[in-house]
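Fold and geometry: a report
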Amino acid sequence: GAVQLAIEPAVQRAATAALAGRRGAIVVLDPRTGAILASVSLPNYEPSLVSDPAQQDVAWRQLNENTERPLIDRVSQGLYPPGSTMKVLTAAAALESGLDPKAKIRVDDPFQADPSWGTYRVRSSSQAHGDFDLSLAMQRSENIYFAKVGLQLGGARLAEYAGRFGLGRAPQCDLPTARGQLSRSGSLDRPTLLADTAYGQGELLVTPLQMALVAATIANGGVMPAPHYATAVTDASGAVVRTIAPGPVGQVIRPETARTVRDVMVDAVQAPGAFAAAARIQGTNVAGKTGTAENPRGAPHGWFIGFAPADAPTAVVAVLLENSPKGGEDAAPVGGAVLRAALGR
């Protein structure tokens, strides 16, 4: 017998081409079913060397000792801070808790809630001074807006919604997945940690698969799909003996919350001057969010999560580029190219 995969060769090829040999990961899934349409992790390794008895020992040793960690499938097991892609989750939690998306929140860079914060300040990526509503905060990826929203929400509430979206748990999947964390303690018990986490830094660790599921939940009207690589098991004659179609994980947020977050994610790509403009696709609306995640060991990681067509999504992508000079700016065009292929454009 054999296992049939949901991987679509054209989308897999486009994702491999878009990653262009860089260290990182791209995953594409259908938000309606959770079927994984493409999954690329680099660097990878040549399995034939490991299975060749003559070269096996040397090949294994080289793989295990390789600092680039080719044995880790970065899609489901690589752990990274999400950077500003976390703002999608913070926005959903805040809207569910009564945030008015049109309300103006004052941003003055740098921001400190009170002197007890010592040397810790939240910085604006555009050195902003002005009033921001949710849409503009998404377009400009305004850290101070989301830090303030997080402080209003409180640590328990943000932690509750992070849990609803699966952060800190390993997603149920037919391949091994890593767990990640909301924080080292599992709670957000300090104001500075809460502010930091609300815009995607702090002690957060997520996999690209996990962030694809966050985007898929927004795309799917608030329902999180169960991710799966396999779609069927066939017998020796090729007849399907078992269909694999795990039902949804559950309703994570209200449909109207998902719609509002979707609309501001469309603004984050389509609005004039939006940071994720490079993810645009001619003739269709893309919803998306870039992220530039600080990395203590060098250049920041670049993220893009998004889906298309925005009004009836059929494809969700998460892109992670390790140590990318411009972070999310580098990841957005990669996300756009992969979504274009998934839509057959």
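In this report, we go over the structure that sits alongside the text. Please read all numbers here as calculations on a predicted model, not as lab measurements.

Let's talk about the nonpolar core
Counting residues in each nonpolar core, the largest one holds 74 residues, and the members touching the most others are Val-122, Tyr-145, Phe-165 and Leu-167. Those residues within four positions of Tyr-145 in sequence are excluded, and the remaining contacts are Leu-99, Ile-105, Val-107, Phe-132, Asp-133, Leu-134 and Ala-137. Listed in part, the 27 residues of the second largest apolar core include Leu-19, Val-269, Ala-332 and Leu-343.

Points about empty space enclosed by the protein
Tallied over the full model, the rule gives 1 cavity of 30 Å³ or more. Estimated volume of the largest cavity: approximately 40 Å³. Lining of the largest cavity is provided by Leu-167, Gly-168, Arg-169, Pro-171, Ala-178, Arg-179, Gly-180, Gln-181, Leu-205, Val-206, Thr-207 and Gln-210. Partitioned by chemical class, the residues of the lining of the largest cavity number 5 nonpolar, 5 polar and 2 charged.

So, the sheet that holds strand β2 (residues 24–29)
Spatially, β3-β2-β12-β11-β10 is the arrangement adopted by the 5 strands of the open sheet, whose pairing is antiparallel. The two strands at the open ends of the sheet, each matched to only one other strand, are β3 (36–42) and β10 (287–293). In this sheet, adjacent strand axes meet at a mean angle of 5° when their direction is disregarded. Examined bridge by bridge, β2 and β3 share 6 bridges and lie antiparallel to one another. Along β3, the bridge assignment pairs Ile-26 with Val-40. Against the sheet, helix α1 (residues 9–19) contacts β2, β3 and β12 (315–321), and its axis sits at roughly 30° relative to β3. On top of the sheet, helix α12 (residues 328–342) reaches β2, β10, β11 (301–308) and β12; it is set at about 145° to β12, its chief contact.

Cut-offs and rules
Residues numbered from 1 in each chain as written. Predicted model: local features only at pLDDT ≥ 70, side-chain atom pairs only at ≥ 80, totals over all residues. Heavy atoms only, no water. Core = buried A, V, L, I, M, F, W, Y, C linked by side-chain atoms within 4.5 Å. Buried < 20%, exposed > 50% of the residue type's maximum accessible area, 1.4 Å probe, protein only. Contact = heavy atoms within 4.5 Å. 1 Å grid on protein atoms, 1.4 Å probe; cavity = no way out; pocket = protein on both sides within 12 Å on 5 of 7 lines; lining within 4 Å. Points joined across faces, edges and corners; volume = space filled by probe spheres on them. Nonpolar A, V, L, I, M, F, W, Y, C, P; charged D, E, K, R; others polar. Pairing = 2+ DSSP bridges. Helix = DSSP H or I, 4+ residues; strand = E, 2+ residues; numbered from the N terminus. Axes fitted to C-alpha atoms, helices over the stretch in contact; angles between N-to-C directions.

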